[in-house]
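Reading the structure
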Amino acid sequence: MGMNVFVLTGAGVSAESGLGTFRDKDGVWTRYDLSEVATPEGFARDPAKVRAFYNARRANLAGAEPNAAHQALARLQAELAARGGRLFLCTQNVDDLHERGGASQVVHMHGELAVTRCHDCGAAWPDPTPLVPETVCPACASRGRARPHVVWFGEEPLFLDAIDDALAEADLFVAIGTSGAVYPAAGLVTQARAWGVRTCEINLEPSDNARAFDERRYGPATQVVPAWVEELLG
Ligand code: APR
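This structure is a prediction, so every number in the text was calculated from the model and none was measured. (Residues numbered from 1 in each chain as written. Predicted model: local features only at pLDDT ≥ 70, side-chain atom pairs only at ≥ 80, totals over all residues. Heavy atoms only, no water.)

Position of His108 relative to the elements: it lies in strand 3 (residues 107-108). With residues near it in sequence (within four places) discarded, His108 still touches Thr91, Asn93, Val94, Asp95, Glu99, Leu158 and Phe159. (Helix = DSSP H or I, 4+ residues; strand = E, 2+ residues; numbered from the N terminus. Contact = heavy atoms within 4.5 Å.)

Structure (structure tokens):
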């Protein structure tokens, strides 16, 4: 029986692809008020401001390329499967760089930026183009209610049952490029420990919950992640 690895990634894994992180110096939340652009209340108050914020991020994503960390995780996923094991790749990121780096079945617990969703009926469809006010929902025909398929603060993250099931079966839990500031993602390491799963943090610097990890490796993801994958695959 092969090895089951659960990897949780955050914005740090896409930082070297040019996508901003949230809480670093010059991070996204140092330049925008998240209550205005990443909450249902903000969308109700000023939908145009929310659309502009996500349109800027869609444009940024269109110009970005996956990096060596994304590619190393895709290699790990293929190799573990070949050995009868599994990589459960869960990401807080809404970019598609894991997929463009070769990974599949990526679990986007905070949604996906290049997907548009109807705020009324929940129908969602791939859409890398700018959000506009006159969109008509193809499912419920409501007009002007298109939003990014991104989980906002105050909304429930996606796939929580599948995430719990995968964590319970994991031999190893590894958090990569996340500050450990946002729950429930930040609580997964504690859940892993409670279930006797070995834990490792890979980050540029110690995260808010660094002490919870059995092992810690620090440095840029494009250097530390490929080296870690190489070592794990032996
Ligand atoms: N290599 C590895 N780690 C890096 C790099 C890098 N090149 N650059 C930055 N980091 C680390 C930072 O040290 C930080 O700990 O990535 C982490 C990024 O933390 P955040 O900006 O808080 O991003 P994240 O943890 O993904 O945020 C979680 O918060 O805003 C919400 O929904 C949003 O998914 C996001 C969630």
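Core analysis: the biggest nonpolar cluster contains 24 residues, and Val7, Leu73, Val174, Ile176, Val225 and Trp228 have the highest contact counts within it. Secondary structure elements with two or more residues in this core: strand 1 (4-9), helix 5 (68-82), strand 2 (86-91), strand 7 (172-176), strand 8 (198-203) and helix 9 (221-233). Grouped together as the second largest cluster of nonpolar side chains are 19 residues, Cys90, Ile163, Ala175 and Ala185 included. (Core = buried A, V, L, I, M, F, W, Y, C linked by side-chain atoms within 4.5 Å. Buried < 20%, exposed > 50% of the residue type's maximum accessible area, 1.4 Å probe, protein only.)

Right, let's get into the side chain of Asn55. Relative to the assigned elements, Asn55 resides in helix 4 (residues 47-62). Given the relative accessible area of 19%, Asn55 is considered buried. Every residue in contact with Asn55, bar those within four places of it in the chain, is listed here: Pro130 and Leu131.

The next point concerns the site of the ligand. Not every one of the 23 residues close to the ligand is listed here, only the nearest: Phe22, Arg23, Trp29, Thr178 and Ser179. Contact distances for the ligand include 2.8 Å between an oxygen atom and a backbone N or O atom of Ala11. Arg23 places a side-chain nitrogen or oxygen 2.7 Å from an oxygen atom of the ligand. Out of a free accessible area of 730 Å², the ligand has 93% covered by protein chains. Of the residues belonging to the shell around the ligand, the class tally is nine nonpolar, ten polar and four charged. Residues lining the shell around the ligand come from more than one domain, with at least three contributed by each of domain 1 (1-19 + 67-110 + 157-234) and domain 2 (20-63 + 115-150). (Near = heavy atom within 4 Å. Polar contact = N/O pair within 3.5 Å; in protein donor to acceptor, adjacent residues only side chain to side chain. Areas by Shrake-Rupley, 256 points an atom, 1.4 Å probe, with all protein chains shown as cover. Nonpolar A, V, L, I, M, F, W, Y, C, P; charged D, E, K, R; others polar. Domains from an automatic or database assignment.)

Across all of its chains, the model carries two cavities of 30 Å³ or more by this definition. For the largest cavity, the calculated volume is near 70 Å³. Every element with two or more residues in the lining of the largest cavity is listed here: strand 7 and helix 8 (188-194). Space inside the second largest cavity adds up to approximately 30 Å³. No other element matches the three residues that strand 1 contributes to the lining of the second largest cavity. (1 Å grid on protein atoms, 1.4 Å probe; cavity = no way out; pocket = protein on both sides within 12 Å on 5 of 7 lines; lining within 4 Å. Points joined across faces, edges and corners; volume = space filled by probe spheres on them.)

Time to look at the domain arrangement of the protein chain. According to the domain assignment, the protein chain contains domain 1 (1-19 + 67-110 + 157-234) and domain 2 (20-63 + 115-150). For domain 1 versus domain 2, the separation of C-alpha centres amounts to 26 Å. Between domain 1 and domain 2, the residue contacts involve 16 residues of the former and ten residues of the latter. With both chains or domains summed, domain 1 and domain 2 bury close to 930 Å², and 63% of this area falls on carbon and sulfur atoms. (Buried area = accessible area lost by both parts, 1.4 Å probe.)

All chains considered together, the criterion is met by zero disulfides. Lacking any disulfide linkage, Cys118 is separated from the closest cysteine sulfur, that of Cys140, by 3.7 Å. Given the relative accessible area of 2%, Cys118 is considered buried. Cys137 takes part in no disulfide bond, and the closest cysteine sulfur, belonging to Cys121, lies 3.7 Å away. (Disulfide = S-S within 2.5 Å.)

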